[in-house]
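Each chain is listed here by its residues.
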Amino acid sequence: MSKSDDDDKANKMWGGRFSAPPAEIMQEINASIGFDKVLAPQDIRGSKAHAAMLAEQGIISKADARDIVKGLAQVLDEIESGTFKFSRALEDVHMNVESRLREIVGPAAGRLHTARSRNDQVALDFRLYIRDRLDEFDGALASLLRELAAKAETHAAVVMPGFTHLQPAQPVTFGHHLMAYVEMFARDRSRFADARKRLNECPLGAAALAGTSFPIDRHMTAAALGFDRPTANSLDSVSDRDFVLETLAAATICAVHLSRFAEEIVLWMTPQFGFIRLSDGLTTGSSIMPQKRNPDAAELSRAKVGRIAGAFQSLVIVMKGLPLAYSKDMQEDKEVTLDALSSFALAVTAMTRMVEDMTPNDANMRAAAGRGYSTATDLADWLVRELKLPFRDAHHVTGSIVKEAERQGIDLEQLPLAAMQGIEPRISKEVYSVLSVENSVKSRVSHGGTAPQNVRKMARSWLKRLEKAGKSG
């Protein structure tokens with residue numbers, strides 16, 4: 001098909017007011033087909049529902065509606081098979097689909113756009129697309145949660161150092177550490193679910209901005225497309241991109257969590273830490289250094305937050321100064337969002353695979369947990385509990401004992417009793433029962449604590465919850 005043929009088609013679609021086709025630069029800046037063609041399945045789904053409603057309301061004939069729906073099915077088949085030819089001159093996915101529909105079914109295709117505008121059409125398509133992605137993310141995060149909880153249950157008693165300021169703080173367990181991410185990603189999943197609830201209103205029928213004089217049934221199209229209800233205000237319907245912003249905001253927060261976990265994986269994989277191992281399938285080598293084993297999947301997951309947070313910020317800037325209702329600026333919502341959500345989906349999948357694949361090095365973790373006098377708080381607690389010292393006094397005594405152990409170059413549990421009694425005479429040999437990292441973690445039985453029994457209980461609870469939700473879903 002020649003460029004002039006495409007220009008003629010474009011003019012037939014919307015050019016009655018114009019005597020000449022758009023200038024080349026106008027086509028260049030105006031066209032969105034390069035990225036919005038991914039909305040074709042949603043566009044066709046919405047058009048089928050719209051055609052059925054128009055026929056039911058007597059606005060178009062049932063015969064025309066049947067031809068339109070049949071023709072749209074053929075268009076979708078062509079798109080899915082890769083034989084459909086998208087035209088840049090036709091600007092966007094909506095006009096490309098409608099143009100091909102006209103070739104298939106003739107003049108009846110022109111009746112499809114009755115009582116709607118590209119404004120409510122694109123608002124519908126993008127809502128459907130975002131809703132589809134939110135459903136994918138829900139499943140992907142459920143898989144990540146299952147892998148984390150299962151790994152946590154298996155390694156509930158593996159002792160590792162807990163850090164603050166990236167300095168040894170108190171011993172925890174590997175399972176407990178993983179369960180922290182279960183809580184984070186569960187919150188992320190709930191944010192996506194909340195976004196889906198608010199998104200689930202149908203803008204179709206708002207037309208350009210004021211509604212329509214045709215006797216349409218917006219509740220019918222909303223129900224046909226799986227929405228809870230139609231949107232309540234036609235101006236807001238075509239102006240709103242909150243559903244995109246909210247999805248990107250939730251994705252940004254979740255990507256931050258993915259990035260924090262990825263950073264820990266990168267650290268844990270270093271010889272200096274040596275806490276975990278990833279298999280050959282999830283690491284890469286070096287073109288010059290044969291010994292290298294790089295956690296590139298983690299590093300790339302860590303980097304994805306930049307694209308996702310950048311998309312959120314980009315759309316915030318686009319929307320911040322727009323008067324009601326639709327402005328062409330809003331076309332800029334799609335390219336960055338499509339890229340961001342694809343990047344997000346990839347990062348979640350990569351993280352899930354890494355969690356499934358990772359093997360902890362129990363010995364290295366346990367050895368690291370004992371360094372840095374990490375059971376000092378246990379000693380202070382023992383002084384409070386057994387000698388009835390005020391905690392601030394116990395804190396001071398413990399600090400002096402740590403200083404002595406550091407002077408001698410030994411761990412707390414290796415410090416002779418006499419040395420401790422030289423600082424606090426009432427300390428007895430029972431103090432050694434709290435100075436091992438294993439006893440330390442076992443003692444943390446408060447709700448949410450790191451004790452292995454807590455970790456197993458919580459991990460099993462999450463696995464049951466996820467299994468139940470999966471069955472009911």
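Higher on the page you've got the structure.
Residues numbered from 1 in each chain as written. Predicted model: local features only at pLDDT ≥ 70, side-chain atom pairs only at ≥ 80, totals over all residues. Heavy atoms only, no water.

## Side note on the overall build of the chain
Now for step 1: Secondary structure summary: the chain contains 19 helices and six strands in total.
Now for step 2: Each principal axis of the C-alpha distribution contributes one length, and for the chain these read about 100 × 50 × 40 Å.
Now for step 3: Looking at the chain as a whole, 49% of its 473 residues are labelled buried.
Now for step 4: Within the chain, counting contacts between residues at least 6 apart in sequence, those at least 24 apart form 75% of the total. (Helix = DSSP H or I, 4+ residues; strand = E, 2+ residues; numbered from the N terminus. Buried < 20%, exposed > 50% of the residue type's maximum accessible area, 1.4 Å probe, protein only. Contact = heavy atoms within 4.5 Å.)

## Some remarks on the packing of helix H5 (residues 62-81) against helix H6 (residues 93-105)
Now for step 1: It is at 9 Å that the axes of H5 and H6 come closest, and there the two elements cross at 120°. The orientation of H5 with respect to H6, classified from their angle, is oblique. Crossing angle aside, the handedness with which H5 passes H6 is right-handed. On H6, the residues that touch Asp 67, Ile 68, Gly 71, Leu 72, Gln 74, Val 75 and Glu 78 of H5 are Val 97, Arg 100, Leu 101, Ile 104 and Val 105. (Axes fitted to C-alpha atoms, helices over the stretch in contact; angles between N-to-C directions. Parallel < 35°, antiparallel > 145°, perpendicular 65-115°, else oblique. Left-handed = near helix turned anticlockwise from the far one by under 90°.)

## As for the pattern of salt bridges
Between side chains of opposite charge, a pair can form as their charged atoms come close.
Now for step 1: Scanning the entire structure with this criterion turns up 28 salt bridges.
Now for step 2: A salt bridge links Glu 153 to Arg 460; the shortest N-O distance between them is 2.7 Å. Within this pair, whereas Glu 153 is found in helix H7 (residues 118-154), its partner Arg 460 is found in helix H19 (residues 452-472), the two being separated by 307 residues in sequence.
Now for step 3: Across the pair Arg 241 and Asp 333 runs a salt bridge, and its minimum N-O distance is 2.7 Å. You can see Arg 241 sitting in the loop between helix H10 (234-239) and helix H11 (242-269) and its partner Asp 333 sitting in helix H13 (residues 332-357), a full 92 residues away along the chain. Residue Arg 241 shares its accessibility class with Asp 333, and that shared class is buried.
Now for step 4: Via salt bridges that share partners, Glu 78, Arg 100 and Glu 103 belong to a single interconnected network. (Salt bridge = Lys/Arg side-chain N within 4 Å of Asp/Glu carboxyl O.)

## A few points about the pairing of strand S1 (residues 159-164)
Now for step 1: Pairing geometry for S1 and strand S2 (residues 167-173), over six bridges, is antiparallel. Looking at the pairing, Met 160 lines up with Val 172 of S2.
Now for step 2: Where S1 folds back on S2, the antiparallel hairpin that results is connected by two residues, among which His 165 adopts a positive phi of roughly 60°. (Pairing = 2+ DSSP bridges.)

## Some thoughts on a nonpolar patch on the surface
Now for step 1: Nonpolar side chains collect at one region of the surface, where Leu 209, Leu 235 and Leu 324 lie side by side and expose about 270 Å² of accessible area between them.
Now for step 2: A residue is classified by how much of its surface remains accessible, and Leu 235, at 33% relative accessible area, is partly exposed. (Patch = residues over 30% accessible without salt bridge, like charges linked within 9 Å, V, L, I, M, F, W, Y side chains within 5 Å. Areas by Shrake-Rupley, 256 points an atom, 1.4 Å probe, with all protein chains shown as cover.)

## Considerations on the side chain of Thr 173
Now for step 1: In this fold, Thr 173 is placed in strand S2.
Now for step 2: With sequence-adjacent residues up to four places away left out, Thr 173 is seen in contact with Ala 156, Ala 157, Val 158, Val 159, Met 160, Val 441, Thr 450, Pro 452 and Val 455.

## Topic: the environment of Glu 299
Now for step 1: Of note, Glu 299 is situated in helix H12 (residues 296-319).
Now for step 2: Residue classification places Glu 299 among the partly exposed residues on the basis of a relative accessible area of 30%.

## Brief notes about the packing of H7 against H13
Now for step 1: Taken N-terminus to C-terminus, the directions of H7 and H13 make an angle of 15°; their axes are 9 Å apart at the nearest point. One way to sum up the angle between H7 and H13 is to call them roughly parallel. Crossing geometry of H7 relative to H13 is assigned as left-handed.
Now for step 2: Grouping the amino acids of the contact of H7 with H13 by side-chain chemistry returns 16 nonpolar, four polar and seven charged. (Nonpolar A, V, L, I, M, F, W, Y, C, P; charged D, E, K, R; others polar.)

## A look at the nonpolar core
The tendency in soluble globular proteins is for nonpolar side chains to be buried as a group.
Now for step 1: Phe 261 and Ile 265 are the most contacted members of the largest nonpolar core, which totals 96 residues.
Now for step 2: For this core, the leading source of residues is H11, giving 15 residues.
Now for step 3: Once residues within four sequence positions are removed from consideration, Phe 261 is found in contact with Leu 148, Leu 178, Tyr 181, Phe 185, Trp 268, Met 351, Val 355 and Met 358.
Now for step 4: Judged by nonpolar contacts, the second largest core, of 22 residues, contains Leu 389, Val 402, Leu 412 and Leu 435. (Core = buried A, V, L, I, M, F, W, Y, C linked by side-chain atoms within 4.5 Å.)

## Remarks on the environment of Val 348
Now for step 1: Locating Val 348 in the fold gives a position in helix H13.
Now for step 2: Along the backbone, Val 348 and Leu 258 are 90 residues apart, and their C-alpha atoms lie at a distance of 7.4 Å.

## What about the side chain of Ser 436?
Now for step 1: Mapped onto the secondary structure, Ser 436 falls in the loop between helix H17 (417-421) and helix H18 (437-443).
Now for step 2: Ignoring any residue separated from it by four or fewer positions in sequence, one finds Ser 436 in contact with Thr 375 and Glu 413.

## Considering unusual backbone geometry
Now for step 1: For the bond running from Leu 324 to Ala 325, omega is 10°, close enough to zero to count as cis.
Now for step 2: In this structure, Ala 325 sits in the loop between H12 and H13.
Now for step 3: Here Glu 91, not a glycine, exhibits a phi torsion of approximately 75°, which is positive.
Now for step 4: Inspection of the secondary structure puts Glu 91 in the loop between H5 and H6.
Now for step 5: Relative accessible area serves as the criterion here: at 6%, Glu 91 is assigned to the buried category.

## Focus: the packing of aromatic side chains
Now for step 1: Applying the stated rule across the entire model yields twelve aromatic pairs.
Now for step 2: Through a chain of ring-to-ring contacts, the aromatic side chains of Phe 174, Tyr 181, Phe 185, Phe 261 and Trp 268 assemble into a single cluster.
Now for step 3: Taking NZ or CZ as reference, Arg 131 lies 4.6 Å from the ring centre of Phe 227, over its face.
Now for step 4: The cationic tip of Lys 334 hangs over the ring face of Phe 126; the distance from NZ or CZ to the ring centre is 5.3 Å. (Phe/Tyr/Trp six-rings, centres within 6.5 Å; stacked < 30°, edge-to-face > 60°. Lys NZ or Arg CZ within 6 Å of the ring centre and 35° of its normal.)

## A closer look at helix H15 (residues 376-387)
Now for step 1: If you check H15, its first and last C-alpha atoms are 16 Å apart, about what twelve residues at 1.5 Å a residue would give, namely 16 Å.
Now for step 2: Within the sequence span of H15, burial applies to Ala 376, Asp 378, Leu 379, Ala 380, Trp 382, Leu 383 and Leu 387.
Now for step 3: Where H15 is buried, its residues meet helix H16 (391-408) and H18.
Now for step 4: Backbone geometry just after H15 places Lys 388 at a positive phi near 60°. (Expected span 1.5 Å × (residues − 1).)

## Brief notes about the environment of Gln 453
Now for step 1: Residue placement: Gln 453 occurs in helix H19.
Now for step 2: Residue Gln 453 is classed as exposed on the basis of its relative accessible area, which comes to 53%.
Now for step 3: A sequence separation of 371 residues divides Gln 453 from Gly 82, and the C-alpha atoms of the two residues are 55 Å apart.

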